[in-house]
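# Fold and contact review
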Amino acid sequence: MLNKKFLILFTLLMFTASTVFAGPFKANANTKRIPAGTRFQLEFLQEVDTYAGGIGDSFTARLTNEQSGDSGVILPMGSVVRGSIGDLKTSKRFSRGAKLYLDFDHVVTPSGRQIPLDMAVCKFDKIYYDGGLYKNLGYGEAVKGNYDKAVDITKRATNYGISVKDTHNGLQYLTTPFCAIGGFLGGVGYFLGDSVADMFRKGQEVKINAGDILEVQLLNPIDVPVY
């Protein structure tokens, strides 16, 4: 019983001594905030794509524009950003294109600290409402593209007929409708043929090559330690 009381008393004394003599905790907690909405230019250091890639595959990129504050540079150019493929949807028939979802994990500060990131790509060929990167959506979009191409074929043929120099009287009146009708038939043929092909054709893959630069945006602010 005496030993137990002595042990309790000794523990209390040690705790009190550590509290009194340890003094205040000293740490350099100075930070600079990079606000939400800030845009970064990231150069990818390896290829990321929906054909050969898989969920969880990691990637590395580097900052090509420095982030500065009132007191100087917060994140210098060349700072490393790491992330991974958060999700992907493979391409399918009926021209349904693949979708690529990137998760940005952290940025490495000049002192070696890893600061968590919450950001998304804000400039790409096409960005889905949920943040997925894609090239084309599906059959409806493919058919619309075929229609636009068919109209362009008709216009080009008609304009060619109009531009023919009238070296003989009335020649232009013959070439213009002939070219217009030919262009229309050619456009219709292209539209029907490619629209049928798009039913069996897979959509486009999404690919980011090594060296490609993407613009991304912070969704939440980050506090970067400065020394």
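### Quick notes on the packing of aromatic side chains
Applying the stated criterion across every chain, the model contains 4 aromatic pairs. Between tyrosine 128 and tyrosine 134 the ring centres are 6.0 Å apart and the planes differ by 90 degrees, which places this aromatic pair in the edge-to-face class. Classification of tyrosine 128 by relative accessible area gives partly exposed; the value is 26%. Judged by relative accessible area, tyrosine 134 falls into the buried class, the value being 9%. An aromatic cluster is defined as three or more aromatic residues linked by ring pairs; in this entry it consists of Phe44, Phe59 and Phe104. The ring centre of tyrosine 128 lies 4.5 Å from the NZ or CZ of lysine 99, which sits over that ring.

### Brief notes about a positive patch on the surface
A cluster of like positive charges, contributed by Lys92, Arg93, Arg96 and Lys202, occupies part of the molecular surface. The topology assignment puts arginine 96 in the loop between β7 (80–89) and β8 (99–108). Its relative accessible area of 42% is what places arginine 96 among the partly exposed residues.

### Points about the confidence of the model for the protein
Per-chain confidence: the protein averages 77 in pLDDT, with 74% of residues scoring 70 or above. Ranking the elements of the protein by mean pLDDT puts helix α1 (residues 2–21) last, at 45, and strand β4 (residues 58–63) first, at 93. Confidence drops under pLDDT 50 across residues 4–28; counting only partners more than four residues distant or on other chains, this segment forms 3 contacts.

### Details of the side chain of glutamate 215
Mapping glutamate 215 onto the fold places it in strand β14 (residues 213–218). Look at glutamate 215 and you get buried, because its relative accessible area is 13%. A distance of 3.1 Å separates the side chain of glutamate 215 from the side chain of glutamine 41, its partner in a polar contact. Those residues in contact with glutamate 215 that lie beyond four places of it in its chain are Arg39, Phe40, Gln41, Val121, Cys122 and Lys123.

### Here we look at the pattern of salt bridges
A pair can form between side chains of opposite charge whenever their charged atoms are brought close. Under the criterion given, the structure shown has 8 salt bridges. The partner of aspartate 223 in a salt bridge is arginine 33, with the nearest N and O atoms 2.8 Å apart. Placement of the pair is aspartate 223 in strand β15 (residues 222–225) and arginine 33 in strand β1 (residues 31–34), with a sequence separation of 190 residues. When its relative accessible area of 32% is taken as the criterion, aspartate 223 is described as partly exposed. Owing to a relative accessible area of 53%, arginine 33 belongs among the exposed residues under this scheme. In the salt-bridge network here, residues are joined through shared partners; they are Arg39, Lys123 and Glu215.

Rules behind the numbers
- Residues numbered from 1 in each chain as written.
- Predicted model: local features only at pLDDT ≥ 70, side-chain atom pairs only at ≥ 80, totals over all residues.
- Heavy atoms only, no water.
- Phe/Tyr/Trp six-rings, centres within 6.5 Å; stacked < 30°, edge-to-face > 60°.
- Buried < 20%, exposed > 50% of the residue type's maximum accessible area, 1.4 Å probe, protein only.
- Lys NZ or Arg CZ within 6 Å of the ring centre and 35° of its normal.
- Patch = residues over 30% accessible without salt bridge, like charges linked within 9 Å, V, L, I, M, F, W, Y side chains within 5 Å.
- Areas by Shrake-Rupley, 256 points an atom, 1.4 Å probe, with all protein chains shown as cover.
- Salt bridge = Lys/Arg side-chain N within 4 Å of Asp/Glu carboxyl O.
- Lys, Arg positive; Asp, Glu negative; His and termini not counted.
- Charge placed at Lys NZ, Arg CZ, Asp CG, Glu CD.
- Helix = DSSP H or I, 4+ residues; strand = E, 2+ residues; numbered from the N terminus.
- pLDDT = per-residue confidence, 0-100.
- Contact = heavy atoms within 4.5 Å.
- Polar contact = N/O pair within 3.5 Å; in protein donor to acceptor, adjacent residues only side chain to side chain.

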